[in-house]
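# What the coordinates show
Now for the letters of each chain:
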Amino acid sequence: MTATDFKLGLREIKENLKGLTLQLITKNGYRPYFNLRDFGNAILSEESKGNDFRINQVWTIGGTVSVKSIRSLAELIKTETVTGIQFESFYDYKTTEGFIRSFGKLD
């Protein structure tokens, strides 16, 4: 999802995210965040690079669950005991040509 949609979705469920471990995967690795302020600053930093976001995994007491949208995440938080959420930041190429150019010069 785009960074704007992601931020709007997080605003809707921010009260439910308090106290959870939030992990953000970037091209340089991953890092856990334990408060919303640091996580929000990391999101803004990745947004400034033109990256989009997705939800990778949700850790619950019963195991790992996969969700595809913020709405599904909100429903899961209401019905299960969630301990952490893993998000991923990635650059989504808008054209096939841009994706091919990302591989570098071809000899």
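One can find the structure itself at the top, above this paragraph.
Reference entry: report on the structure contained in this document. (Residues numbered from 1 in each chain as written. Predicted model: local features only at pLDDT ≥ 70, side-chain atom pairs only at ≥ 80, totals over all residues. Heavy atoms only, no water.)

### With respect to the pattern of salt bridges
So the rule is basically this: Between Lys or Arg on one side and Asp or Glu on the other, a salt bridge is scored when a side-chain nitrogen of the former is within 4 Å of a carboxyl oxygen of the latter. Under the DSSP-based scheme used, a helix requires at least four consecutive residues in state H or I and a strand at least two consecutive residues in state E, with every element numbered from the N terminus. Throughout this description, buried means an accessible area under 20% of the type-specific maximum (1.4 Å probe, protein chains only), exposed means over 50%, and partly exposed covers the range between.
Using the criterion set out here, one finds four salt bridges in the structure. The partner of Lys 7 in a salt bridge is Glu 47, and the shortest N-O contact between them spans 2.9 Å. Taken together, the residues span a long stretch of sequence, with Lys 7 in helix α1 (residues 3-12) and Glu 47 in helix α3 (residues 36-48) at a distance of 40 residues. The exposure class assigned to Lys 7 is partly exposed, which follows from its relative accessible area of 22%. Note that Glu 15 and Lys 18 form a salt bridge whose closest N and O atoms lie 3.4 Å from each other.

### What about the packing of aromatic side chains?
What counts here: Note on aromatic contacts: the rings of Phe and Tyr and the six-membered ring of Trp form a pair at centre separations within 6.5 Å, being stacked when their planes are under 30 degrees apart, edge-to-face when over 60 apart, and tilted otherwise. In this analysis the charged atom, NZ for Lys or CZ for Arg, is taken to sit over a ring once it is within 6 Å of the ring centre and within 35 degrees of the ring normal.
Tallied over the entire structure, the rule returns four aromatic pairs. Here the aromatic rings of Phe 39 and Phe 87 are separated by 5.3 Å at their centres, their planes lie at 40°, and the arrangement is tilted. With Phe 39 in helix α3 and Phe 87 in strand β5 (residues 82-90), this residue pair connects regions lying 48 residues apart in the sequence. Neither Phe 39 nor Phe 87 differs from the other in exposure class; each is buried. Taken together, Phe 6, Tyr 33, Phe 39, Phe 53 and Phe 87 form an aromatic cluster joined through their ring pairs. Its end group placed over the ring of Phe 90, Arg 54 keeps NZ or CZ at 3.9 Å from the ring centre.

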